[in-house]
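Survey of secondary and tertiary structure
Spelled out, the chains give:
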Amino acid sequence: MSGLRFALLEPDALGTVLALQREACGPLMHPLGEAELSDMLAGPHRGHGAVLGALTDDALAAFLAVQFPGRADHNLGRDYGLHDGDLDRALHFTGILVHPDRRGQGLHRRLIETAAQGVLPPDRHRYWFATVRPENTASVRGMLSVGMHVFARKPKHDGHDRLLFVRDLSAPAGG
Ligand SMILES: CC(C)(COP(=O)(O)OP(=O)(O)OC[C@H]1O[C@@H](n2cnc3c(N)ncnc32)[C@H](O)[C@@H]1OP(=O)(O)O)[C@@H](O)C(=O)NCCC(=O)NCCS
């Protein structure tokens, strides 16, 4: 796939991200709220996350929203049994969305790999977490393809059952 550039999005991308979400979120993703998205767009140093975009010359083709939940109650590390100190080293893949014209081309995996390799401060995370509706086959496969595995299934966000994924970067591959 060519013609895409990956870049951390700036706060002024809020409207563009929300527009893509309105257009193409579908029923299986829990939509991101404006306030939480703004906080992530503030970047890993100023805010509590980051949003990686896949851009064409004139449009946003996809994004990955990442959150550092810190000691918040909703930190999925609590479900995983992490101790308080390790909660600071958890990140959530809070939302991932690919424009329908670009689906099925491996962007789910590329967004996560690009974020992991060059964009997210390595000292900020050891544990990756995500929740995915079990019927969201593309996202389940996308999470598995980057080495994450399911550690629980329970209602999250809107009361729907979700698979809880984790990857511990210090564990051997597949751990
Ligand atoms: C989920 C979503 C991000 C996947 O993005 P994508 O770039 O099309 O996914 P990929 O092309 O990387 O495919 C990921 C895997 O799912 C498979 N897949 C893709 N589309 C599929 C489909 N419609 N049905 C079944 N499997 C599918 C791919 O073959 C790939 O599997 P593999 O790693 O075993 O080869 C995209 O469908 C989307 O934006 N959906 C709406 C928002 C959403 O639900 N987000 C996830 C919850 S936060």
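As the structure is a prediction and not an experimental result, all values here were calculated from the model.

**Focus: the overall build of the protein**
Scanning the protein from N- to C-terminus turns up 7 helices and 7 strands. Moving toward the C terminus, one meets the helices and strands of the protein in the order β-α-α-α-β-β-α-α-β-α-β-α-β-β. Over its C-alpha atoms the protein spans a radius of gyration of 15 Å, differing by no more than 12% from the 16 Å that the globule rule assigns to 175 residues. In terms of principal-axis extent, the alpha carbons of the protein reach across some 45 × 35 × 30 Å. Here the protein holds 175 residues, and the buried ones make up 33% of them. The contacts in the protein between residues at least 6 apart in sequence include a share of 63% that link residues at least 24 apart.

**Some details on the site of the ligand**
Around the ligand, 23 residues are found, and the nearest of them are Arg 103, Leu 107, His 108, Ala 138 and Arg 141. Those elements that provide at least two residues to the shell around the ligand are β4 (90-98), α6 (107-119) and α7 (137-145). The leading source of residues in the shell around the ligand is α7, at 6 residues.

**Considerations on the UniProt feature "domain: N-acetyltransferase" (unreviewed entry) in the protein**
The UniProt feature table records "domain: N-acetyltransferase" (unreviewed entry) at residues 4-170. With 32% helix and 31% strand, residues 4-170 has its two end C-alpha atoms placed 31 Å apart.

**Brief notes about the nonpolar core**
Residues Val 51, Phe 63, Leu 64, Val 66, Leu 111 and Phe 129 are the most contacted members of the largest nonpolar core, which totals 41 residues. Listed by contribution, the elements that provide at least two residues to this core are α1 (14-24), α2 (34-41), β2 (49-55), β3 (60-67), β4, α6, β5 (127-132) and β7 (160-168). Filtering out sequence-adjacent residues up to four positions away, Leu 64 remains in contact with Leu 52, Phe 93, Ile 96, Leu 111, Ile 112 and Ala 115.

Rules behind the numbers
Residues numbered from 1 in each chain as written. Predicted model: local features only at pLDDT ≥ 70, side-chain atom pairs only at ≥ 80, totals over all residues. Helix = DSSP H or I, 4+ residues; strand = E, 2+ residues; numbered from the N terminus. Rg over C-alpha atoms; globule rule 2.2 N^0.38 Å. Buried ≥ 20, exposed ≤ 12 C-beta atoms within 10 Å, placed from the backbone. Contact = placed C-beta atoms within 7 Å. Near = placed C-beta within 6 Å. UniProt positions renumbered as here; feature names shortened; annotations may be inferred. Core = buried A, V, L, I, M, F, W, Y, C linked by C-beta atoms within 7 Å.

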